[in-house]
Amino acid sequence: MNEKTKPKYGIAQNVLWIVKIAWSTRKRVLVFCLLTATLEVLYNLAQLYIAPEILKRVEGHESLSSLLWTIAFFTASIFLVLVLKDYIKENTMYPRVDVRSVITGKLTEKSNATSYPNTLNADFIKLRERAYNACDGNREATELIWQTLTLLLQNTAGFVIYLTILSRLDLTLILAVAATCAVGFFVSRYTNNWTFTHREAEDVYYAKKRYIRGKAESVELAKDIRVFGLQNWLNDLLESVHDVYLDFRLKVERVRLLTDITEALMTAARNVIAYVYLINMALREGLSVAEFLLYFTAVTTFTTWVMGILREAVRLHQQSLDISRVREFLEYPEPFKFEGGEPVPGADGYELKLERVSFRYPGAEADTIHELDLTVKAGEKLAVVGLNGAGKTTLVRLLCGLFDPTEGRVLLNGRDIRDFNRREYYKLFSAVFQEFSILDVTVAENIAQTKEDIDYEKLRECVERAGLTKTVDGLPNGFDTHVGREVYLDGVLFSGGQTQRLMLARALYKDAPILMLDEPTAALDPIAENDIYMKYNDMTAGKTSVFISHRLASTRFCDRIIFLADGRIAEEGTHESLLKLGGEYAKLFEVQSRYYQEGREF
Amino acid sequence: MSVEGKIKFSKALSNCLRAAGLLNKVSRRYFPVLAAMCAVNALTPYVAVFFSARVLSELATYRRPDTLWRWVIAGAACTGAFAVVKAMLYERQETLYDDLYGRKEILFARKMFSLDYADMDKQATHDLRDQIRQNEGWAGLGLMLVPTVMGELLENIIGILSGAALTVSLFTTPVPASAGALTVLNSPLFILAIAAVMVAVSVLAGYCSARSELYYTSASEEANFGNRLFGFFGFFGLQKERGADVRIYSQERLVSAYWAKNFAFGGSGLLARLARGPMGILSGLGTGITVVITGCVYVFTCMKAWAGAFDVGSVTQYVGAATAMAGSIFALMSAFGELRANGVYLETTFKFLDIPNAMYQGSLTTEKRSDRNYEVEFRNVSFKYPGAENWALKNVSIKFKVGRRLAIVGENGSGKTTFIKLLCRLYDPQEGEILLNGIDIRKYDYRDYMDIFSVVFQDFQLISQPLGANVAGRADYDAERARRALVDAGFGDRLETMPEGLDTQLYKDFTENGVEISGGEAQKIAIARALYKDAPFIILDEPTAALDPIAEAEIYGKFNEIAGDRTAIYISHRLSSCRFCDEIAVFQDGSIVQRGSHEELLADGSGKYHELWTAQAQYYTGD
């Protein structure tokens, strides 16, 4: 794993990077860090001095008013510090969340805009996951680092101040106390390392628990659960995944307990050391109770500063690693040209050409597309057919410029598409893919793919052509109804057929010069399917188009059909010429049509 | 938006107790450990205070070395022992809490199992479930706050009692008469007044922080919306299947526009505004006011000590104990506030867990017949989905012929799948009745009734578990029977290549060494599951939608073999499948409009069947 690879940026660089983002997003984040650290130190000092100062006045039997004024002074100071401290604590989270949101937004921008092959690259995916993990919540590096920096500041300040207070005491005492800290620190580091190395194991348990719970509660499985009586099986699975996790968790407990018990024993040792030293000093030098109390408190709390510095330094190191991954992800190299590419020249028609194109998925053993030559002429209607796994979808992705060929070239009107600004190139295409991305936004926004300047007349026309008017009219808020329920609770869920029509309407609205349809009717019933076929001519008028299907019936509307097998063009021609050829296409057609032939027996 | 909790304290308390009861059933070990931990936690600070006060007292008075050492050693031993026990209880409690945190989900899963399917299919049910999840996600509200709150209540009550025990002598030790005016400190009235001030301040502080807490939970709607927005748009880039669309349609623009609305937890959201205003101020005051108690205690004890009632060592004990006690009173008040705020969220949890079963559950057992001679009949059945205006099925009557094959065809939304759902009693019809051997199916025990049906639903589901267990629907199964079912379903060849045969894990969701299978293979396993069950009725709902023509032809070819002597129902919108069925029922707008054999139906040129058939067949039968 890239756990081992050296991070690109060091601690100082990463702190500077995130401080810059905070500076331009919410300066408050930085101000709060400074204020909190200062107030914490002040609070600690007030707590340190309150008892000794008051007791000194009782012990020395000073005047009653001096005693009462001292109490009043400390009470008022602590009150003020506490109110401020807590008020700031209540307010720290929000600006920090803003900073983390800005970083998360950058990650999403990068993911959405990165060259498509990156999204299938294992290295990129792993890095992306780590980058997102660093932004996943309040406890992750991009937000927690502020707490770490605050604590480092506060502990360092406290450490320096206490050193001066304790300078009257013997150095060996301070060293002995520091030694108990070191023991505690190393044991806790062992525990942390153990927990860290077992984090993946723990994630696996979580994933299993989540998976079984998800299944148990899924609507899709609900019918099967009832019909096949799967309740007992799932119940047992639920119990067993939790039992297995509990066993693991008990192991974690033992390791964590080691740190806790060491810490308890070291604290006891520290107290004994402090008592022995200070009682001897009191007996020898006649230390007053007030002084005794001051030193005792100072010696025993001195360790919290030391421990704090050690602990937070380790945390900062870990957070810096995480932040470095975020930056490495944001700077991940792009194989495609975007803003640096040439503009796509305008033209009346677009011809696409594959020149001896091979494509192999990263890590695959064989080519998915092999030395393929193909020209889609401007205005031509091309159909691509073939069995599952023949390479149809990959071919479409090569034409759309989502992949670059491993060998060979893809040409647009004779120019290699690699030279163009890829984002501009995408503007040439309207597509319906098999996998689609519907957003939890309104119907209108899903079709127009924008929030502003929606042309409602065009929208209505496209919806009508896609056969979705009745559905949209039946929605509670028409075009402004939200789709999906993940974000808006009033959203509606579309059936498979409705979704396919929605995707079609989106392609029509975009009205780009090249149309790509990958199995756009799979979820439709025969009459609806026929309806789309009928409209196909109208949809593709004046456009270059590619239609993919394993239903051979659909291909008849196309000018030319290519039959794809094992990444090669096995046969090519019109429907009639291919049938006459009597090859694979004809055989496939026979299989599909046999049940429709009259007078045949089965 | 109201800041007050919407329910009474007594209701909140009873909700809390009910939740604790439920959780206790999920994990019997958790609550005893929690109680022990809280008791030890409550006592710990007082142990330290007591021993250090003894040392200081000795130092303030006689300074006898051997007494001093005795107290130091006893103190170190006691506090050390307490710390160790505390650590052990704490860690065990954490372990069991983590366990409980996951395990409590079983409560919800079991509820899901037992819901009427109508409720399972209702969006409102899932919205409720999501709300419960979201409340837990953003502020830990709901079931799992209950142990925390109960722990705080217990710990602070014990804390207050122990604090009281250590401060009794503060009040009972009088100031000597020689102190003159200061003997007023001995007056019970004075003591009462001091105590009243302390209690009042604690209560005020607790009140402030509880109010502040209520402000926080009052923002739950915006917070949950923010979390949903964050979850959807923030992590949008992680979803692989969106990649192509995102690029072709420049979806990043819409994503960014919506991402900008994500401010619920940011500096310009409602929570941040509340934090800058009343929520932050109240919280600050609540925390700050507690120091007033410390001040009061100092004044009272120091004046007494100053007047000669006791030494300065005892002052530290009284101040320490009284401060800790005031802290406990404050924390107790906050815990009450939390309990009350959480009560509202528990209402949501219980609303889900208490969804009633409205379906009538009969108790008749079905007759076990070896000749599979079960007669099922729909008699004038009409059905409307809950909340829908239109009838999904209208006056449907049909009788299945034992051992025959029936095809059901029709357009999307014509009622085909609804018909199957009624047959399987996932829903009950509003009008008419469905009869099994002449008796209304509602009168049968549901599990017993379902024994006569095997269904392969359009959206059937397999689980990432061993192949054999998927076929049998249980972990311990008859391996020979499972193998036979797989072979009959056409999965035989593939079974040979499965690395661990029936024990091979399907998919990689559950274990990394699982085997990925194609849609067609999954369909065959689903059919095998239906065969393993060996029910007299087998129903296949659109079993070839995801298949390419070759795989489709394979299923068609095997259909007769698969069905065997069972009564088979085949639903499809590919009409080619009708050719091998004995009878066809054509659905349109919730009614059966045509019935008969393929030839009979096709002969009716104006019928629906003819229209459907031609729509598809024209491409295959032309030239």
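All values derive from a computational prediction rather than experimental measurement.

### Focus on the domain arrangement of chain B
As far as domains go, chain B holds domain 1 (9-216 + 269-353), domain 2 (220-263) and domain 3 (467-534). If you average the C-alpha positions of domain 2 of chain B and of domain 3 of chain B, the two centres end up 38 Å apart.

### Some words on the interface of chain A and chain B
Contact residues are listed per partner, giving 125 residues for chain A and 128 residues for chain B. The greatest single-element share of the side of chain A that touches chain B, amounting to 26 residues, is contributed by helix α3 (residues 64-113) of chain A. Along the lines of polarity and charge, the residues of the side of chain A that touches chain B split into 68 nonpolar, 26 polar and 31 charged.

### Considering the domain arrangement of chain A
Structurally, chain A comprises domain 1 (11-330), domain 2 (350-428 + 513-592) and domain 3 (435-511). On a C-alpha basis, the centroid separation for the pair domain 1 of chain A and domain 3 of chain A is 47 Å.

### Structural notes on the pairing of strand β7 (residues 514-518) of chain A
All names here are of chain A. The element β7 is largely enclosed, with a buried count of 5 among its 5 residues. Here β7 shows no split at all, with I514, M516 and D518 on one side and L515 and L517 on the other all buried. Sheet topology note: the strand β6 (residues 429-432)/β7 ladder contains 4 bridges and is parallel. What sits directly across from F429, in β7, is I514.

### As for the sheet that holds strand β5 (residues 415-416) of chain A
Residue and element names in this part refer to chain A. Across the sheet, which stays open at both edges, the 4 strands sit in the order β2-β1-β4-β5 with antiparallel pairing between neighbours. Of all the strands in the sheet, the pair left with one neighbour each is β2 (369-376) and β5. Across 5 bridges, the pairing between strand β1 (residues 352-359) and β2 is antiparallel. Across the sheet, the residue bridging to L352 is V376, located in β2. Contacting β1, β2 and β4 (407-412), helix α11 (residues 392-399) crosses the sheet at an angle of about 125° to β1.

### Some words on the nonpolar core
If you look at the biggest cluster of nonpolar residues, it comprises 129 residues, and the most contacted ones within it are L55(A), V58(A), V289(A), L293(A), L271(B) and C302(B). Here this core gets 21 residues from one element, more than from any other, and that element is helix α14 (residues 312-353) of chain B. Once you skip the residues sitting within four places of it in the chain, L271(B) turns out to touch Y94(A), A219(B), A223(B), A264(B) and F265(B). Judged by nonpolar contacts, the second largest core, of 87 residues, contains F457(B), V471(B), I525(B) and L540(B).

### Some words on the pairing of β1(A)
Here β1(A) pairs with β4(A) via 5 bridges, running antiparallel. Paired with L352(A) across the bridge in β4(A) is L412(A).

### Side note on the environment of S63(A)
Summarising the element assignment, S63(A) is placed in the loop between α2 (28-59) and α3. Between the C-alpha atom of S63(A) and that of E486(A), which follows or precedes it by 423 residues, the distance is 70 Å.

### Concerning the environment of K85(A)
Residues and elements named next belong to chain A. With respect to the helices and strands, K85 occurs in helix α3. Given 21 C-beta atoms within 10 Å, K85 falls into the buried group. Residues K85 and W194, spaced 109 residues apart in sequence, show a C-alpha to C-alpha distance of 35 Å.

### Describing the packing of helix α1 (residues 11-25) of chain A against α3(A)
Residues and elements named next belong to chain A. It is the contact of α1 with α3, at a shortest axis distance of 10 Å, that shows an interaxial angle of 110°. By the angle between their axes, α1 is roughly perpendicular relative to α3. Crossing of α1 against α3: the hand is right-handed. The segment α1 lies against α3, with I21, A22 and T25 engaging D98, V99, V102 and I103. Tallied by class, the residues present in the contact of α1 with α3 amount to 5 nonpolar, 1 polar and 1 charged.

### A few points about the confidence of the model for chain B
Residues and elements named next belong to chain B. Summary statistics for chain B give a mean pLDDT of 88 and a share of 98% for residues scoring 70 or more. Between the elements of chain B, mean pLDDT differs from a low of 75, seen in helix α21 (residues 549-563), to a high of 96, seen in helix α1 (residues 9-26). Contacts of residues 1-5 to residues separated by more than four positions or lying in other chains number 11 contacts, the stretch itself having pLDDT below 50.

Parameters and conventions
Residues numbered from 1 in each chain as written. Chains lettered and ligands numbered in written order. Predicted model: local features only at pLDDT ≥ 70, side-chain atom pairs only at ≥ 80, totals over all residues. Domains from an automatic or database assignment. Contact = placed C-beta atoms within 7 Å. Helix = DSSP H or I, 4+ residues; strand = E, 2+ residues; numbered from the N terminus. Nonpolar A, V, L, I, M, F, W, Y, C, P; charged D, E, K, R; others polar. Buried ≥ 20, exposed ≤ 12 C-beta atoms within 10 Å, placed from the backbone. Pairing = 2+ DSSP bridges. Axes fitted to C-alpha atoms, helices over the stretch in contact; angles between N-to-C directions. Core = buried A, V, L, I, M, F, W, Y, C linked by C-beta atoms within 7 Å. Parallel < 35°, antiparallel > 145°, perpendicular 65-115°, else oblique. Left-handed = near helix turned anticlockwise from the far one by under 90°. pLDDT = per-residue confidence, 0-100.

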